[in-house]
Amino acid sequence: MAAMARLFRSSSSSAVSFLNRSLSTAAATELKSQSLPPRIDPKGRNVQWVFLGCPGVGKGTYASRLSTLLGVPHIATGDLVREELSSAGPLSKQLEEIVNQGKLVSDEIIINLLSKRLEVGESKGEAGFILDGFPRTVRQAEILTEVTDIDLVVNLKLPENVLLEKCLGRRICSQCGKNFNVACINVKGENGNPDISMAPLLPPPQCVSKLITRSDDTETIVKQRLRIYDEKSQPVEDFYRSQGKLLEFDLPGGIPESWPKLLEALNLDENEDKQSATA
Ligand SMILES: Nc1ncnc2c1ncn2[C@@H]1O[C@H](COP(=O)(O)OP(=O)(O)O)[C@@H](O)[C@H]1O
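None of the values given here were measured: they were computed from a predicted structure.

### A word on the sheet that holds strand β2 (residues 74-76)
Thought 1: Taken in spatial order, the five strands make up an open sheet running β2-β3-β1-β4-β10, and their pairing is parallel. Both edges of this open sheet fall to β2 and β10 (246-250), since each of them pairs with a single strand only. Strand-to-strand, the axes of this sheet are offset by a mean angle of 20°, without reference to chain direction.
Thought 2: Where strand β1 (residues 48-52) meets strand β3 (residues 129-132), four bridges bridge the pair, whose relative direction is parallel. Paired with F51 across the bridge in β3 is D132.
Thought 3: Here helix α4 (residues 59-70) sits on the sheet and contacts β1, β2, β3 and β4 (152-157); the angle it forms with β1, its principal contact strand, is near 160°.
Thought 4: Contacting β4 and β10, helix α12 (residues 255-265) crosses the sheet at an angle of about 155° to β10.

Here it is as structure tokens:
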């Protein structure tokens, strides 16, 4: 990640102006040759990963767990948007309208927010990254390809009716920021797919009175976000599939069933990696 931020800056006075320029020109081609070494995890793998998946699939949950395990930052563009939205800055009103209609923020704005986040990370010496919610359009994916090498793209999948229930059950503690889910999901598998059950992820007593629901987690807006995912983000899956970087992962259930299987699919061992990551 520091590599990515440095790469942006090496061609211009700031990462923000670099990324903005790359939206309108093909300037990034020249930069590609200046790539810096990526972050390598203790087992010798690169950790410059992207998490794809529909709203509510659990990208944030699994990306965040993996970021702790591998010692790389979890960067969620949805969080960057929400931070900007609540900051009462110049973009705040505009972002609120877009997000509450379930639409995507413009590539320009999202790249600005991501660049700023990368610069902060660079100043702290961060290396590697797990991106969650970016790229969400083929244009964003193309820009990312110009500025850094992505090693792996994990595509998390759940049936649409489960996604809707999960979004509607999502709750966030306004104090500690942790995510919970009050939905109790039991969905019969269709067309030969297995049944899916997910126990609620309930908050501890100290969070109960502080729970909030995201303003875009209403049925109408979630359905709109799912529709927009199909239209704008599904092609991003194809983009990475054609490069052989896509790992498809059908979530078998909630965290207790899915987490060990995801680690297995990624060829990671929780205990071993924790030890070597901290060695
Ligand atoms: N890469 C992106 N491009 C455009 N808009 C984005 C991007 N990432 C986040 N957003 C905006 O922030 C909102 C919330 O994002 P996120 O928390 O990732 O939600 P979701 O649960 O829909 O995946 C999105 O609906 C969209 O308006």
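### Description of the side chain of S92
Thought 1: Summarising the element assignment, S92 is placed in helix α6 (residues 92-99).
Thought 2: Its relative accessible area of 12% is what places S92 among the buried residues.
Thought 3: Sequence-distant contacts of S92, that is, excluding residues within four places in its chain, are made with E84 and L85.

### Looking at the site of the ligand
Thought 1: As a structural note, the neighbourhood of the ligand is formed by 19 residues, with R82, K103, G133, R136 and R225 the closest of them.
Thought 2: Within the contact set of the ligand, an oxygen atom lies 3.1 Å away from a side-chain nitrogen or oxygen of K59.
Thought 3: A distance of 2.9 Å separates a nitrogen atom of the ligand from a polar atom in the side chain of T77.
Thought 4: Here the shell around the ligand gets four residues from one element, more than from any other, and that element is helix α5 (residues 77-86).
Thought 5: Residue classes in the shell around the ligand are distributed as seven nonpolar, five polar and seven charged.

### Thoughts on the packing of aromatic side chains
Thought 1: Inspection of every chain in the model, using the stated rule, returns one aromatic pair.
Thought 2: Plain terms: the ring middles of F239 and Y240 are 5.1 Å apart, the flat faces sit at 90° to each other, and that makes the pair edge-to-face. Y240 matches F239 in its accessibility class, with the two residues each being buried.
Thought 3: Directly above the aromatic system of W259 lies the positively charged group of R65, at a separation of 5.2 Å from the ring centroid.

What counts as what
Residues numbered from 1 in each chain as written. Predicted model: local features only at pLDDT ≥ 70, side-chain atom pairs only at ≥ 80, totals over all residues. Heavy atoms only, no water. Pairing = 2+ DSSP bridges. Helix = DSSP H or I, 4+ residues; strand = E, 2+ residues; numbered from the N terminus. Axes fitted to C-alpha atoms, helices over the stretch in contact; angles between N-to-C directions. Contact = heavy atoms within 4.5 Å. Buried < 20%, exposed > 50% of the residue type's maximum accessible area, 1.4 Å probe, protein only. Near = heavy atom within 4 Å. Polar contact = N/O pair within 3.5 Å; in protein donor to acceptor, adjacent residues only side chain to side chain. Nonpolar A, V, L, I, M, F, W, Y, C, P; charged D, E, K, R; others polar. Phe/Tyr/Trp six-rings, centres within 6.5 Å; stacked < 30°, edge-to-face > 60°. Lys NZ or Arg CZ within 6 Å of the ring centre and 35° of its normal.

Spatial relationships are all this shows, so hold off on functional conclusions.
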